[in-house]
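Descriptive analysis of the structure
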Amino acid sequence: MQQSDHNTTPQESQISFWRAVPLGFKVLFSEIHWQILRGLRNWEIRQLQNKLSKEYERLGKLLEQESKGSDKGKKQSEIDLCRRQIEFLSREVEHLQSQLHNLRQEIIDKRRKKWDL
């Protein structure tokens, strides 16, 4: 009968209690820091999404007014400006969301490297 050692594997490393406790506190505070950053970034994203919603609403009103036939030349320039603003805000929201995801990965990678995990 073959006896295998289930306690040690090449991928598993044991850390002592005295190293695990301070490491646990470091992880806890690092996660609190991340939650604060994430909350602020999500607040910024929500603000941009609110502006985007207002621009869509404005565009709808402008298109409705244009269809009624009042001052088409002036309305067209406002419509074009509104569409450019919508495009800009949409790209900015996408950029901030991807930046937030990348920031999370960077924080985790830095944590692993700094704490030798």
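Residues numbered from 1 in each chain as written. Predicted model: local features only at pLDDT ≥ 70, side-chain atom pairs only at ≥ 80, totals over all residues. Heavy atoms only, no water.

Tallying secondary structure elements over the protein gives two helices and zero strands in all. Out of the 117 residues belonging to the protein, those deemed buried represent 20%. Pairs at least 24 apart in sequence give 73% of the contacts found in the protein among residues at least 6 apart. Per element, the accessible surface of the protein, about 9,700 Å² overall, is 54% carbon and sulfur. (Helix = DSSP H or I, 4+ residues; strand = E, 2+ residues; numbered from the N terminus. Buried < 20%, exposed > 50% of the residue type's maximum accessible area, 1.4 Å probe, protein only. Contact = heavy atoms within 4.5 Å. Areas by Shrake-Rupley, 256 points an atom, 1.4 Å probe, with all protein chains shown as cover.)

Let us look at the pattern of salt bridges. Tallying each qualifying case throughout the model produces seven salt bridges. We note a salt bridge from Lys 61 to Glu 57, for which the minimum N-O separation is 3.3 Å. Here Glu 57 and Lys 61 lie together in helix α1 (residues 17-68), a separation of four residues that amounts to about one turn. Take Lys 61: its relative accessible area is 47%, and that puts it in the partly exposed class. In this structure, a network of salt bridges that share partners links the residues Glu 31, Arg 104 and Arg 111. (Salt bridge = Lys/Arg side-chain N within 4 Å of Asp/Glu carboxyl O.)

Once that is clear, we can look at the environment of Arg 46. Of note, Arg 46 is situated in helix α1. Sequence separation between Arg 46 and Val 93 is 47 residues; the distance between their C-alpha atoms is 8.7 Å.

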